[in-house]
Amino acid sequence: MESNLSRRQFLRLVGGAAGVAALAACAPQTAPQAGGETAMSQEKIVIRYAGLDGMGARVEQFMLPWVEENGYELERGAFGQQELTDKIMQSVATDTYLADIFQFPSNARADVISAGALQQIPDLVLEAIDFDDVLPGIVNTLSWEGNVYALPYDGDIHYSSFRKDLFADEDINSRFKDTYGYDLSPENGAETWEQWRNICEFFTGWDWNGNGEEDDFGAACMTKRGDTLWWGFNSRATAYAKHPEDPAYFIDLDSGEARVNNPGFVRALTEWTEEMQNWTPPGGTNFTYGDSLNAMNGGRVVQTYNWDAVTSATAPETSIIQGKQGYNILPGSHEVWNSKTGEWDYFEAPSHAPFHAFGGWVIAVSSQVDDLAYDAVWGFVTHLTKPESGLKFVTDLTGASPYRFSQMEAVDEFANGPLQLGEEVATDYLNAARETLDHANAVTDQAFGGWVQYRDALELGVSQALANELSPQDALDEVAAAFNEVSERMGGLQRQAELYARTLGM
Amino acid sequence: MATETRIDSPKRSRFEIRDNIWKWIFLLPAVAIIVILLAIPVLWTLYAAFTDLHLYRIGIDTKFVGLANFEKLLSNRSFWRTARNTVVFMLGVVPTQLFIGLTIALALNNITRGQKLFRTWFLMPLMVSPVVVSFIVGRMLFQEDIGPINEILRDLGFQGIPWLTSPTWAMVALMVIDVWQWSSFMILMLLAALQGVPPDLHEAARVDGANQLQAFWSITVPLIMPITMTALLIRIIDAFKVVDIIMVLTGGGPGQATESVTLAIYRTGVKGGDLAFGSSQAYFLLLVLMIFGGAYLVLTRRAMGKD
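Residues numbered from 1 in each chain as written. Chains lettered and ligands numbered in written order. Predicted model: local features only at pLDDT ≥ 70, side-chain atom pairs only at ≥ 80, totals over all residues.

Concerning the overall build of chain B
Of the regular secondary structure elements, chain B holds 12 helices and 0 strands. Relative to the compact-globule value of 19 Å for 307 residues, chain B shows a C-alpha radius of gyration of 26 Å, a clear excess of over 25%. Principal-axis analysis of the C-alpha atoms places the extent of chain B at approximately 95 × 80 × 30 Å. Taking all 307 residues of chain B together, 32% fall into the buried category. (Helix = DSSP H or I, 4+ residues; strand = E, 2+ residues; numbered from the N terminus. Rg over C-alpha atoms; globule rule 2.2 N^0.38 Å. Buried ≥ 20, exposed ≤ 12 C-beta atoms within 10 Å, placed from the backbone.)

Next comes the structure, spelled out in structure tokens:
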């Protein structure tokens, strides 16, 4: 039986009734004007911006001179990471105003853009910010069905980071070679996940950091459910489960069926569980993203993968490894699961599938912008995202990562600017970022509708395997069933497959 | 009588009518607020539980699905896991808090000096936000790698305890935090109950030859029972609804080992946007609490001989 009211209509009705009651109670009395008309407002134009607390503060600090120079006012809504996503999704779902401009996670683009919540970016703005300079991997996260709906701010990706200084140590290398039969590479770190595992095992349980205790380990990853486990696991799984000849990774593009319990994913989870249980500091199966960075920057582990390993390692108050890290794209694998043939394919050279984890925060203009504020709002986002502004953000401690061709060439700004990376680290970092964003077999993060639900389902299953509550196969079978259930709920397997194809730019 | 009534009634009637009108006028804002803030959400949640309402499923109309959400609930392994966790948590914390509360309240009731100081002292954990307690007591003390408890254990030659990565120990860590914070509530409630016991009853019992244990069981326990039962009911309901300390300390993990029903409802309805299934879970919890609370009150009243 169908309800007469659509979900949005109902939500609006309930919200509206409560809102009217609240407004009636709170509204100040308006003084009647001569002739019975209300006086026209002479107030300044206010630009309302909703964003992350920390990143938003940087945006405010950067934009205030422009705002004041143009005679506008800026009101900034500050939210926590998950809170911001929830707020945006709720405002989209209920068709209510949140802000003129908002920063939102590009994963949510299917939900946000297809709901008509955003304005398409005008060509004039795209020209003004030199949109052609943006890397194709990032352009995809800003677009929907060939049109651009958001502007770039952050090129979030996962890359591998490792202790270059230890890998270059002759004594350590000779002992490693005696055990595993090959040299440690201070230039590239682990090139395959097999090498990553060898390194994890080798560096666990002896005092390589010289603190007098054998409390040193191989790796630390983000493993905590409800934190960043989704990205921690997928970065570990892409090399096994993303075949170079198949554009799909999360679900099958023909049937819409979940792939997350295929042998590629199961192998990744089996190995990851062993690594996190045996070769990480205590608590390693429940590490937040920050815990994994702290373990790396505190000199407790020799390798990790993350978004912010570069910038966080530069702060002397929290890091003892400045200048000692090397960076590369995520490790690859000689064997990759082929979902089409149902077999493992062997590759002579390791197959890499770097993960565009999260895809970055993007800046968008609400479709509910007031006509009066229209020019001000577009002026604001243009100034915020033009090349010069972007370079300032990515070369400072803002948490934003590079996303333009020109930024990838700006070694000097990264080496000697506020981040003070030094030339060698800056070069390694930019090479890893560019290779990841430009990679032909890169995996775009899940961005078709309902990503929060898929994420919760995967995090539950993987965390159960990490805690030995379920075997990796059983855990991922449950995740696959949950994925299919979410797909059905969101409109059916076929509809989700179509949306997935669109997020892949197909 | 009839004459009196006829003479007095016009005056009293006018007064009563005016009084009734004013009573309702004064009550109206409160009633309106309660209706808007309580009744509408409660009824709306009930409506949602019988639909497939989903916050993030944009462009698809909502359908009435009858009891489908409740059927799904009954066969949902994940939900029953959270229900089991919640019951284990409640059974772990409430009896412990009662034991600690009663022991300390009895001790405090018998001291003659410093009672006020201790009473204030024991009030302090209640003044701290559970989120702060979870962060400071939980995440810092129970940190497995460099937390002080494991450091001390290792210095003493023991292995560190996997406080947050072992399903069993994670539940223990949550219970320790809850017991630390809410035993104070039991202490204060039971101390108040003990101070209401007339001392002359104990003196009379002593004169009659009863020893201290007999006096405690025959006089103290029956007299403090009503307050004890009320305090227990409050704590049981609170324990069933626990969410804050779990969210901060374990996030429901490792795996699903510490996820409570309330946290599952939050994840399903608020984070996941599945308002229909979240609402059915919420109503299920409400139903369980109402049945439990009702049965508890009937049984305790019967046990105390009030029915």
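Topic: the overall build of chain A
The number of helices and strands found in chain A is 21 helices and 15 strands. Its C-alpha radius of gyration of 24 Å places chain A within 12% of the 23 Å reference for a compact globule of 506 residues. Projected onto the principal axes, the alpha-carbon positions of chain A cover approximately 95 × 60 × 40 Å. Considering chain A as a whole, with its 506 residues, one finds that 51% of them fall into the buried category.

Points about the domain arrangement of chain A
All names here are of chain A. As assigned here, chain A comprises domain 1 (46-153 + 361-400) and domain 2 (159-356 + 444-503). In this structure, domain 1 and domain 2 have C-alpha centres spaced 30 Å apart. Taken together, the contacts link 12 residues of domain 1 with 13 residues of domain 2. Secondary structure elements with two or more residues in the side of domain 1 that touches domain 2: α4 (109-114) and α6 (136-142). Looking at which element gives the most residues to the side of domain 1 that touches domain 2, the answer is α4, with 3 residues. For the side of domain 1 that touches domain 2, the per-class residue count stands at 4 nonpolar, 5 polar and 3 charged. (Domains from an automatic or database assignment. Contact = placed C-beta atoms within 7 Å. Nonpolar A, V, L, I, M, F, W, Y, C, P; charged D, E, K, R; others polar.)

Observations regarding the sheet that holds strand β8 (residues 217-219) of chain A
Residues and elements named next belong to chain A. Here we have 4 strands laid out as an open sheet, ordered β8-β9-β7-β10, and mixed in their pairing. Edge positions in the open sheet fall to β8 and β10 (325-328), since each of these has one partner strand only. Neighbouring strand axes in the sheet, compared pairwise and without regard to direction, differ in orientation by 20° on average. Summarising the sheet, strand β7 (residues 159-163) and β10 pair through 4 bridges and their orientation is antiparallel. Pairing of Ser 161 across the sheet is with Tyr 327, part of β10. Lying on the sheet, helix α12 (residues 289-297) is in contact with β7 and β9 (301-306); it crosses β9 at an angle near 145°. (Pairing = 2+ DSSP bridges. Axes fitted to C-alpha atoms, helices over the stretch in contact; angles between N-to-C directions.)

Considering the confidence of the model for chain A
Residues with a pLDDT of 70 or more make up 92% of chain A, whose mean pLDDT is 88. Every residue in residues 13-41 of chain A scores below 50 in pLDDT, and together they form 9 contacts with partners more than four places removed in sequence or on other chains. (pLDDT = per-residue confidence, 0-100.)

What to know about the pairing of β7(A)
All names here are of chain A. With 5 of its 5 residues buried, β7 lies for the most part within the structure. Neither face of β7 is exposed, since Tyr 159, Ser 161 and Arg 163 on one face and Ser 160 and Phe 162 on the opposite face are all buried. Pairing of β7 with β9, which is carried by 4 bridges, proceeds in the antiparallel orientation. Bridge pairing links Tyr 159 to Asn 306 in β9.

Digging into the packing of helix α5 (residues 130-141) of chain B against helix α7 (residues 167-195) of chain B
All names here are of chain B. Between α5 and α7, the shortest axis-to-axis distance is 10 Å and the interhelical angle comes to 125°. Taken together, the axis directions place α5 and α7 in an arrangement best described as oblique. Relative to α7, the crossing made by α5 is right-handed. Facing Pro 130, Val 133, Ser 134, Val 137 and Gly 138 of α5, the residues of α7 in contact are Ala 173, Ile 177, Trp 180 and Gln 181. Among the residues making up the contact of α5 with α7, the classes are represented as 6 nonpolar, 3 polar and no charged. (Parallel < 35°, antiparallel > 145°, perpendicular 65-115°, else oblique. Left-handed = near helix turned anticlockwise from the far one by under 90°.)

Topic: the sheet that holds strand β14 (residues 361-365) of chain A
Residue and element names in this part refer to chain A. A sheet is described by the order of its strands in space; here 5 strands give the open sequence β2-β1-β3-β14-β6, paired in mixed fashion. Edge strands, defined here as strands with exactly one partner in the open sheet, are β2 (73-79) and β6 (151-152). As paired strands, strand β3 (residues 101-105) and β14 are joined by 5 bridges and run antiparallel to one another. Paired with Ile 101 across the two strands is Val 365, which belongs to β14. Lying on the sheet, helix α14 (residues 374-385) is in contact with β1 (46-52), β3, β6 and β14; it crosses β14 at an angle near 160°.

Comments concerning the interface of chain B and chain A
By a widespread convention, an interface's size corresponds to the accessible area lost as its parts come together. On the side of chain A, 37 residues touch chain B, which itself brings 32 residues to the contact. At the level of secondary structure, the elements contributing two or more residues to the side of chain B that touches chain A comprise α1 (2-49) and α11 (261-271) of chain B.

A few points about the environment of A:Trp344
Residue and element names in this part refer to chain A. Position of Trp 344 among the secondary structure elements: in strand β12 (residues 343-351). In this structure Trp 344 comes out as partly exposed when scored by C-beta crowding, with 15 C-beta atoms within 10 Å. When the C-alpha atoms of Trp 344 and Leu 330 are compared, they prove to be 20 Å apart, with 14 residues separating the residues in sequence. Residues within four places of Trp 344 in sequence aside, it is in contact with Glu 335 and Trp 337.

Observations concerning the packing of helix α11 (residues 263-278) of chain A against helix α20 (residues 472-489) of chain A
All names here are of chain A. Their axes nearest at 9 Å, the elements α11 and α20 cross at an angle of 130°. Compared by their axis directions, α11 and α20 come out oblique. For the crossing formed where α11 meets α20, the hand is right-handed. Counting all contacts with α11, which are made through Phe 265, Val 266, Leu 269, Thr 270 and Thr 273, the residues of α20 involved are Pro 472, Gln 473, Ala 475 and Leu 476. Of the residues contributing to the contact of α11 with α20, the split by class is 6 nonpolar, 3 polar and no charged.

Considerations on helix α21 (residues 493-503) of chain A
Residues and elements named next belong to chain A. Of the residues making up α21, those classed as buried are Gln 496, Ala 497, Leu 499, Tyr 500 and Thr 503. Mapping the buried residues of α21 onto a view down its axis gives an arc of 165°, with all of them on the same face. The elements touched by buried residues of α21 are α4, β15 (443-444) and α20. Looking one or two residues beyond α21, the residue adopting positive phi is Gly 505, at roughly 80°. (Arc of directions from axis to C-beta.)

With respect to the environment of B:Leu289
Assignment of secondary structure puts B:Leu289 in helix α12 (residues 275-303). Setting aside anything within four residues of it in sequence, one finds B:Leu289 in contact with B:Ile237 and B:Phe240.

Considering the nonpolar core
Counting 185 residues, the largest nonpolar core has A:Ile101, A:Tyr429 and A:Phe483 as the members making the most contacts within it. Broken down by element, the residue count for this core peaks at 9 residues, all from helix α19 (residues 451-466) of chain A. Here this core gathers at least three residues from each of two domains, domain 1 (46-153 + 361-400) and domain 2 (159-356 + 444-503) of chain A. Apart from the residues within four sequence positions on either side, A:Ile101 is in contact with A:Ile47, A:Tyr49, A:Ile363, A:Val365, A:Val377, A:Phe380 and A:Val381. Ranked by size, the runner-up nonpolar core spans 11 residues in total, among them B:Met189, B:Leu190, B:Ala193 and B:Ala231. (Core = buried A, V, L, I, M, F, W, Y, C linked by C-beta atoms within 7 Å.)

Some words on unusual backbone geometry
The amide bond that connects B:Gly253 to the next residue, B:Pro254, takes the cis arrangement and shows omega of 0°. As for its placement among the helices and strands, B:Pro254 is situated in the loop between α10 (244-249) and α11. Here A:Phe358, not a glycine, exhibits a phi torsion of approximately 80°, which is positive. Note on placement: A:Phe358 falls in the loop between β13 (355-356) and β14. A residue is classified by how many C-beta atoms lie within 10 Å of it, and A:Phe358, with 19 of them, is partly exposed. Non-glycine residue A:Asn468 carries a positive phi angle of around 60°. Among the secondary structure elements, A:Asn468 is positioned in the loop between α19 and α20. Judged by the 15 C-beta atoms lying within 10 Å of it, A:Asn468 falls in the partly exposed class.

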